[in-house]
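# Observations on chain architecture
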Amino acid sequence: MRSFRTIVFLLLLSSTVGVAAENPKVSPALSFDQTVDRVVERERGFVVTMKRMHPLAETYIQNLREDNDHNVEPVSDQYFLGRLDLNHGVRDSMFQRQHEGFLHHVSNPISSALAYKFLPQGFAQMVVLDPDFQKTNYHFTFVRREFLGEARCIVIDVQPGKKAREGSFTGRIWVEDRDFNIVRFNGTYAGHSNFTHYLHFDSWRFNLQADLWLPSYIYVEESGTKRNSPLFHDLYLKAQTRLWGYDPEQLNHNEEFTQIKVDNSVDDRPVAKDNGPVEAQRMWERMAEDNAVDHLQKIGLLAPSGDVDKILQTVVDNLIITNKLQIEPDVRCRVLLTLPLESFTIGHTIVVSRGLLDVLPDEASLATILAHELGHIVLGHHVDTKLAFDDRFFFADADAFQRLHFERDGAEEKAADSKALELLATSPYKDKLGNAGLFLKALQNRGPALTNLISPRLGSRMASGNATRMAALFNSAPALEKQRLDQIAALPIGSRVKLDPWSNQLTMMNANPVALLSPREKMPFEVTPFFPSLSYSQADRKLVAQGSVRP
Amino acid sequence: MRNTMRTIGKLCFFGFVMVAPALAQNQMVNAPSPAVSGPAYDVSVGYSRLSMPIASAGRANFNGLDFAGSIDLSPRWGATLDSNYLYTPAVLDTRHQGYVLSLYTGPLFYPIEHRNTRVFVRALAGMGLVDGAVPITEAQDFHGWLVRPSYAVGGGVEQFVSGQLALRINGDYLRTSFYDAAGAVQPQNNLRLTLSFVFRLKERPHRSSAQLW
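Residues numbered from 1 in each chain as written. Chains lettered and ligands numbered in written order. Predicted model: local features only at pLDDT ≥ 70, side-chain atom pairs only at ≥ 80, totals over all residues. Heavy atoms only, no water.

## A word on the overall build of chain A
Operational definition: Numbering of helices and strands runs from the N terminus, with a helix taken as a DSSP run of H or I at least four residues long and a strand as a DSSP run of E at least two residues long. Relative accessible area decides the class of each residue, using a 1.4 Å probe on protein chains only: under 20% of the type maximum gives buried, over 50% gives exposed, and in between gives partly exposed. We call two residues contacting when some pair of their heavy atoms lies within 4.5 Å. For every accessible area listed, the method is Shrake-Rupley and the probe measures 1.4 Å; residues are considered covered only by the protein chains on display.
Scanning chain A for helices and strands turns up 17 helices and 19 strands. The buried share of chain A, taken over its 551 residues, is 52%. The long-range share in chain A, meaning contacts at least 24 apart out of those at least 6 apart in sequence, stands at 67%. With the model as given, the accessible surface of chain A reaches about 25,900 Å², and the carbon-plus-sulfur share is 53%.

Put into structure tokens, the structure is as follows:
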């Protein structure tokens, strides 16, 4: 049987020889055995490369439960954010405290003993197929050829051999046929212990630089078999891990030393302009704001200015212009790259999290979020000027959530809510606010289960208990009807924006609009699988055009 | 001599507890990190046989049932609650029946786990009720019962036969108390062997078909 598959594989390879003659990057026909040799060699090289990389890894887990009507809903969640380090096994320097203290275990001995514990490094581990990938440890079976977007792939089943160690990968790999990089692997690690578990995962790599395919997305899913019995409970969950912040220059800010930009060599401002006390105060506050924004961008938590900021800026401008507001200095918009739903202001910079942008159903809902933050700015809720001193940022990246706080107190939040309603009342969004209220209702509905999703890391809480932001909008919204297909109160996670894991740039997703077939497909705030369309990096395309062939 | 043997036994036990984690760690060093840990708990029922010394008369054998439950608190540590009822229709040459009822709890340590097999050692403490008899003369014997704090140390092996079912064999040294022929309370050094069926209350992850290669 295997020899038959090998023959089919060779025939398929030989059929591509014509294409290879035209394209200098396509490798000459290789036997399946030679192909596997190249794959193993490339994968070993990948592990070495990954040891030099320290991306941020964000994992979000939703525990699920199926009710008697077979509706599946998240019942709890978990969130990890850390910087990956593969130098000494898989390690994560976490941005938040991971372990409950001793007192928690003492006060909740039963729940403490009976609860599953998610281990961040176990999710981060899924970026690597096998840290010591050896051909002799596995059996490889050719399956077929398949396109994953632009990348033409050889699909191979990989199973550990008899003498493979515990924890060897078992599943399927997709290998792009230009350079034999693994671009996707789907399966689990074989073996187990009584107390610890490996999960099933689907790990994707993107071609982020010339000849460099790096882990970007991982989807994890486990479906328990006896979900309704408290005694026979089993793992039933979905999770996503996203990686970004690979560009080491961005992390070190080295380019700023080597790139000196001179915008205008002649100072053409009128002479003798002194800064008065008010102006000095504004400049001081702007400095604090800039320091904070720069630092968040440097450590990979804030996206560099880009297309998505411009969309936010347009909505903010709509609010400013229609309300005839004069705001000095200008209001800016930026996107926090993390998932938890939050928005906040740093001085005159409005920050919205990627997760929040992802789940907002329409522009009016976005306007509502931005109007609330604009309310803080209009009301003069200022930035903490201690951030004007650079030494305030001399701390480890992982301490950012502990050291930086942009949350507002209850009175300021209430005032911003009132101001936002005023701003929206005279804006182009005034007749479309029903969906914004519905979004808040959906948030309140799912809030108790998804505590980690709605817990802000830097800003203020959007919903807490029965209260949400903008209570007036909440109260005036129509009732939430889960079975109505045309009522979309919130989108699944990952619906709006696309993240470039190398540069941290965000772009809007270019997905086709899809008609929902059943209420199950609404999936508000839920984790869904990834199915990205792979493409070769621009640098790789240039190499193809120049006809260069890599060894 | 007896004390020396006991000291050597204790030293061996503690040496094993200290060295085993290092050996186990070495075995795991290259394995990928798991993504989830815990919880794991099981109940077991089994057959036990106990050999009990009767003061100045030899050893009596008891047979009975063992019921236990355990929970794993980490990959290496767990806790157990063990109850045991052992019976003999006649204690040595006396005409008296005897039984031992014990209830213990304590920590479990798993020094080695490989595929479907794991080894454990444990140290338990609790109460032991001994109902027995001691021959005084050929025609007379002393009969009674005694409840005293008691302890046990031992270990065993578990072999999983399916997702939820395992076989466990373990041996324990039990320290109980009973009267001697003079009516004084004396400690007893018992040996107990147990064979149990273990039923896990959470399905153990399926063994991958890949491992059948």
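## Thoughts on the overall build of chain B
Summing up its helical and strand segments, chain B has one helix and nine strands in all. The buried share among the 213 residues of chain B stands at 46%. Within chain B, contacts between residues at least 6 apart in sequence are counted, and of these 58% link residues at least 24 apart.

## Some remarks on the packing of helix α10 (residues 307–322) of chain A against helix α12 (residues 363–378) of chain A
Residues and elements named next belong to chain A. What counts is decided by this rule: An axis is simply a line fitted to the C-alpha atoms; with a helix, the fit covers only the stretch in contact. Between two such axes, the angle follows the N-to-C directions and lies from 0 to 180 degrees. Each angle gets one of four labels, with under 35 degrees taken as roughly parallel, over 145 as roughly antiparallel, 65 to 115 as roughly perpendicular, and the rest as oblique. Left-handed describes a crossing whose near helix is turned anticlockwise from the far helix by less than a right angle; the clockwise case is right-handed.
α12 packs onto α10 with a crossing angle of 70° between their chain directions and a minimal axis gap of 10 Å. In terms of axis orientation, α10 runs roughly perpendicular to α12. When you trace α10 past α12, the crossing you get is right-handed. Two secondary-structure elements touch here, α10 through Leu312, Val315, Val316, Asn318, Leu319 and Ile320 and α12 through Glu363, Leu366, Ala367, Leu370, Ala371 and Leu374.

## Some words on the nonpolar core
Rules: What we call a nonpolar core is a set of buried Ala, Val, Leu, Ile, Met, Phe, Trp, Tyr and Cys residues that are connected through their side-chain atoms within 4.5 Å.
One finds A:Phe123, A:Ile173 and A:Phe525 to be the most contacted residues of the largest nonpolar core, which totals 150 residues. When residues of this core are assigned to their parent elements, the largest contribution, eight residues, is made by α12(A). B:Val130, B:Val134, B:Leu174 and B:Phe178 belong to the second-largest nonpolar core, a separate cluster that totals 17 residues.

## Notes on the side chain of A:Gln487
Residues and elements named next belong to chain A. The cut-off we apply is this: As used in this structure description, the phrase polar contact means that two N or O atoms lie within 3.5 Å; if the pair is within protein, one of them must be able to donate a hydrogen and the other to accept it, and residues adjacent in sequence are counted only when both atoms belong to side chains.
With respect to the helices, strands and loops of the structure, Gln487 is situated in the loop between α16 (471–476) and β18 (497–499). Looking at Gln487, the relative accessible area reads 5%, which means it is buried. From its side chain, Gln487 meets the backbone nitrogen of Glu481 in a polar contact 2.6 Å long.

## Here we look at the packing of aromatic side chains
Residues and elements named next belong to chain A. For clarity, the cut-off: For Phe, Tyr and Trp, rings pair up if their centres lie within 6.5 Å, where Trp contributes its six-membered ring, and each pair is then called stacked (planes under 30 degrees apart), edge-to-face (over 60) or tilted (otherwise). Sitting over a ring, as applied to charges here, requires NZ of Lys or CZ of Arg to be within 6 Å of the ring centre and within 35 degrees of the ring normal.
Taken as a whole, this structure holds 22 aromatic pairs over all chains when the rule is applied. For the pair Phe185 and Phe201, a centre-to-centre distance of 5.7 Å together with 90° between the ring planes defines the contact as edge-to-face. Of the two residues, Phe185 sits in strand β8 (residues 182–189) while Phe201 sits in strand β10 (residues 201–209), which places them 16 residues apart along the sequence. For Phe201, a relative accessible area of 2% puts it in the buried group. Taken together, the aromatic side chains of Phe169, Phe185, Tyr189, Tyr198 and Phe201 make up a single cluster linked through ring pairs. Geometry around Phe474 places Lys441 over its ring, the cationic atom sitting 5.6 Å from the centre.

## Some words on the sheet that holds strand β1 (residues 36–37) of chain B
Condition: When DSSP finds two or more bridges between a pair of strands, those strands are recorded as paired.
Pairing is antiparallel in the open sheet, where three strands are placed in the order β4(A)-β1(B)-β9(A). Of all the strands in the sheet, the pair left with one neighbour each is β4 (117–118) and β9 (196–197) of chain A. Judged from the two bridges that link them, β9(A) and β1(B) form a sheet pairing that is antiparallel. Note that in β1(B) the partner of A:Thr196 across the bridge is B:Ser37.

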